[in-house]
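Topology and contacts: notes
Residue strings, one per chain:
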Amino acid sequence: MAEVEIKVKSLYKALEILNCFVKKPRLGVTELSEMLDLNKSNVHNILTTFKAMDYVEQDEESGKYCLGVGIFQLCQAAGDRFSIRSIAMPFMQEIADMTGEMVYLAVPHEDEVIYLEAIYPVESFNLMRVILGERARMFCTGIGKAMLANMPIQIQEEYISRPLPSYTENTITDQDELRRELARIREKGYAVDNMEHEFGVKCVAMPLFGRKGTVEGAISVSGPSLRFSEKRILEIVEIMRNRVEKIKVRL
């Protein structure tokens, strides 16, 4: 990425403070001051301004700060920019209701996936998990593998050449094995995360293609591994396939 000139340094510092909450959800003035090597009074003044704008909230007991509803509203506005989100959501809800599992939507960003939406079965609010804006590596998630497998070969090879860290004992960390896995995904039309990113969780994912045939994103059905037998996976694939085709027509 090309270097850009920082013209408003005070704004840059303020945004750096907000970015710290990506790494840790609750932070105090002292922690932020040490993380960014900033004067405590400056950090306090910036946080006070953000608090007035509802970008951060302060816990009365601990005095620590966390992101506020103002940030959530910005995230929603940013999410609405992605037409894929508004197009996919009704079909994701159908999939969630038919499978009884969580359905995720993500888009590619460099060597990661960014989650844009999570849909839950009706009356299954106990499954709710905040995921908007979360990131994960492509090679160890079903939703990421579904996208990576359908990208140009040169992009795949560039990705495979990078370190492939292990998240669980099932994570694919061998380059040749990952190549074979991506080939299987292209052949079958869907990817399976066999507890490769999180132990006890499996998911089935399919890529979403734009009109030019490029990968625009992917959706996945995720749940406890005990519910994802081979037979059940194939049933989920059939439920997903029809809806994915409908999304493709509208992209």
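So, a few notes on the structure that sits alongside this text.

The rules behind these values
Residues numbered from 1 in each chain as written. Predicted model: local features only at pLDDT ≥ 70, side-chain atom pairs only at ≥ 80, totals over all residues. Heavy atoms only, no water. Buried < 20%, exposed > 50% of the residue type's maximum accessible area, 1.4 Å probe, protein only. Helix = DSSP H or I, 4+ residues; strand = E, 2+ residues; numbered from the N terminus. Pairing = 2+ DSSP bridges. Patch = residues over 30% accessible without salt bridge, like charges linked within 9 Å, V, L, I, M, F, W, Y side chains within 5 Å. Areas by Shrake-Rupley, 256 points an atom, 1.4 Å probe, with all protein chains shown as cover. Salt bridge = Lys/Arg side-chain N within 4 Å of Asp/Glu carboxyl O. Core = buried A, V, L, I, M, F, W, Y, C linked by side-chain atoms within 4.5 Å. Contact = heavy atoms within 4.5 Å. Disulfide = S-S within 2.5 Å.

For the rest of this paragraph, the subject is the pairing of strand β7 (residues 201–209). Within a regular strand, the side chains alternate between the two sheet faces. Of all the nine residues making up β7, seven are buried; the element is thus mostly covered by neighbouring parts of the structure. Two successive antiparallel strands, strand β6 (residues 191–194) and β7, enclose a turn made up of six residues, where M195 displays a positive phi of approximately 55°. Between β7 and strand β8 (residues 215–224), which pair antiparallel in sequence order, lie five residues; one of them, G213, sits at a positive phi of approximately 85°.

So, on to a nonpolar patch on the surface. A cluster of nonpolar side chains, namely V8, L11 and L15, defines an oily patch on the protein surface of about 250 Å² accessible area. Among the structural elements, V8 can be located in the segment before α1 (9–23).

With that settled, consider the nonpolar core. Among the nonpolar cores identified, the biggest contains 29 residues, and L105, V204, L208, I219, M240 and I247 are the most heavily contacted of them. Of all the elements in the fold, those that place two or more residues in this core are α5 (83–99), β3 (102–109), β4 (112–119), β7, β8 and α9 (230–250). Each residue touching M240, except ones within four places of it in the same chain, is listed here: I95, V204, A205, M206, I219, S220 and V221. Formed by 28 residues, the second largest nonpolar core is a distinct cluster that contains Y104, A106, M151 and A205.

Here we take up the state of the cysteines. Defined simply, a disulfide is a covalent bond joining two cysteines at their sulfur atoms. Within this structure, the stated rule accounts for zero disulfides. Note on C203: no disulfide assigned, nearest cysteine sulfur contributed by C140 at a separation of 10 Å.

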